[in-house]
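Secondary and tertiary structure notes
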Amino acid sequence: MTIQFYYDILSQPCRTLYIFLKINNLPFNKHVVNLAKGHHRTEEFRKMNPLSLVPFIEENGFVLRESVGIMRYLCREKNIPDHWYPKDYKAQAKIDEFIEWHHLGLRFPLTMFFRICHLEPLLTGKEPQKSDVERYTNAMKNSCDVMENIWLNKDCKFLFGDHLTIADLLAAMEIEQPRMCGYDPRDGRPKLTEYMDHVQSETNPYYDEACKLLNSISAKKISKGELKSTLYVHINIVFLLIIFVLYLFNMVLKLYYDTFSQPSRAVYLFLRINDIPFEKQNVNLMTGEHKKDEFKKINPLSLVPVIDDNGFILRESVGILRYLAHEKNLADHWYPRDSKTQARVDEFIEWQHLGLRIPLALFFRVGKLVPMLTGRQPPSDLLERVKKEMVNSCNVFEKFWLASDKKFLFGNNLSIADLLAVMELEQPRMAGYDPREGRPKLAMYMDRVRAATNPYYDEVCEMVYNFIKSKL
C-alpha cells in the first residue's frame, strides 16, 4: 500500500524524510500537519501519534515514528540501494555512530541557538542575556566546527564515501536550519560548503523542493508570525539551557567508559550480561581525562563510551550496541532481525535522546552537579522548570512506552532499548528524585530489568548507589 506521510516541511527531520522518499521513488500520500496551528495537539492526531510529533508514517496499519527509525525500516523493507544504509555491519555501525552523535552534537546546539538567541526574544520582546547569547552562539559554532574538522576530515564527497547515506540527509537538513535566523554555517568552512553543495546537487530537485520555504524565509526579514510557525516543533522537543551531556563517553574488546555516564553503564551492562570479554579502560570525566591528547587520539569528540574491537573504533552507545548485537552472535531479542520489531526498538531509541535523556540529565546537572561543584544553588525558577520537564518525561515513559502488559519495552525479553532506558532513569536518583515513586508501572518495569540483569546491574550502578548514600 501507499505510505501515508505526516509532516511539516519546516521540521528538519520531516525535510530529511521527504527527500529520502522522493529520491528513492517511494510513493506516498502527503498529510501536512501544521505545527504552528497546533494540529499535532488535536485528539484526532494523538490517536495516530500520542507523542504529538512529526514526522511519522503509516503503511497498511503499521505506524512508525521518529525519522531515523523510519529510514532504517524503509531501507530494509523497500528495494533501496545498499549505500543508503549498508547491510555490512561495520559500515552500518559507522553510520549509526554519526547518527547517534548528531542528536545532541548537531541538532541540539543548532536548535538552541535559534531558540535562545532569536525565537524567544522575538516572541517575548525581551532581549536575551549577553552571556546566554555568547554561550549558545559558541555552542552552535563549535558544533559546525566539529562537522568541518572531524566528520568531514576525509577525502570523499560524503560522510562515508562517494555515495549518499541517510546520515548525509540528516546532517544537511540540520545545517540548513540556522539560515532562517541569519547565520549560514557554510561561511568560513570550505569543507562544509563543498559537502553541502555535493548533497544538494546529488539530491536535486528534491533538496530545493524540500527547502523552498526555508529558503524563502532566509531571504527576507522574518516576521513574528512567520517565525513562530517555523520551529514550533522544536520548542516542544528541545528546551532550556545548553546541553549537559554526561553521555560523554583487539581481539579482546576495549571499553573506554565512566560509570558516571548513563550510556557507559548501558554498554558495560550489555557486555557483562552477554559474556563478551572486554578490557576495562576507565576514563575519569570528573578529572578531565577525556580532554587529554592521549584520549583524543582515540576519540576526537572527547566522549565516552568508546570501544576498540581489534582496531575497529566505534563511538556512541547506540551504534555500539547495534554493532555488538550484529557481530557477536547474540540472542535475537537484543536487537531483533524482524524488520518491524527492529523498527519499534529504533523508534524508542531515537525518541529517548531528547525525550528522556536530556530532561533527566539536565535535572541532575542543575539540581545536583553544578551546586556540588560551585557551591551555589540554582535559581528556584530554573530548578522548577527543569524538574517539570523531567517529571513530564517520566510520565510519558510510563503512560506511553509502558502502556502494554509486556514485561519489557518490546516483549517478554530484554532489548538494547531497555538497558538504555533504565540507565537514564537511574540518573535523577543522584539528585534526590526517584522516577519510580508514584509510577507503579515504571517501578515494576525497572525491578524486572534489574532482576533480569543482576548481578551486573548492581555492579555497574554501584557508583550511583554510593552517590545516593553519601547525600553529597
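Right above here is the structure, for reference.
Structural notes, computed from the coordinates. (Residues numbered from 1 in each chain as written. Predicted model: local features only at pLDDT ≥ 70, side-chain atom pairs only at ≥ 80, totals over all residues. Heavy atoms only, no water.)

Here we look at the overall build of the chain
- Of regular secondary structure, the chain possesses 20 helices and eight strands.
- Computed over its C-alpha atoms, the radius of gyration of the chain comes to 21 Å, within 12% of the 23 Å expected for a compact globule of 472 residues.
- Referenced to the eigenvectors of the C-alpha coordinate spread, the extents of the chain come out at roughly 55 × 50 × 50 Å.
- Within the span of the chain, comprising 472 residues, buried residues form 59% of the whole.
- Summed over all atoms, the accessible surface of the chain reaches about 19,600 Å², with 48% contributed by carbon and sulfur.
- In the chain, 63 positive and 60 negative side-chain charges are present, and the distance between their average locations comes to 5 Å. (Helix = DSSP H or I, 4+ residues; strand = E, 2+ residues; numbered from the N terminus. Rg over C-alpha atoms; globule rule 2.2 N^0.38 Å. Buried < 20%, exposed > 50% of the residue type's maximum accessible area, 1.4 Å probe, protein only. Areas by Shrake-Rupley, 256 points an atom, 1.4 Å probe, with all protein chains shown as cover. Lys, Arg positive; Asp, Glu negative; His and termini not counted. Charge placed at Lys NZ, Arg CZ, Asp CG, Glu CD.)

Digging into the packing of helix α12 (residues 262–273) against helix α14 (residues 317–327)
- It is at 9 Å that the axes of α12 and α14 come closest, and there the two elements cross at 15°. Relative to α14, α12 is oriented roughly parallel. As for the relative orientation of α12 and α14, their crossing is left-handed in sense. Listed contacts from α14 to Pro 263, Ala 266, Val 267, Phe 270 and Leu 271 of α12 are Ser 317, Ile 320, Leu 321, Leu 324 and Ala 325.
- Here the contact of α12 with α14 is composed, by residue class, of nine nonpolar, one polar and no charged. (Axes fitted to C-alpha atoms, helices over the stretch in contact; angles between N-to-C directions. Parallel < 35°, antiparallel > 145°, perpendicular 65-115°, else oblique. Left-handed = near helix turned anticlockwise from the far one by under 90°. Contact = heavy atoms within 4.5 Å. Nonpolar A, V, L, I, M, F, W, Y, C, P; charged D, E, K, R; others polar.)

Notes on the environment of Leu 330
- Note on placement: Leu 330 falls in the loop between α14 and α15 (339–374).
- Look past the residues within four positions of Leu 330 in its chain and what remains in contact with it is Phe 270, Asn 274, Ile 276, Leu 324 and Ala 325.

Considerations on α14
- The buried count for α14 comes to 10 of 11 residues, which makes it a mostly enclosed element.
- Turning to α14, its buried residues number three or more, namely Ser 317, Val 318, Gly 319, Ile 320, Leu 321, Arg 322, Tyr 323, Leu 324, Ala 325 and His 326.
- Looking one or two residues beyond α14, the residue adopting positive phi is Asn 329, at roughly 55°.

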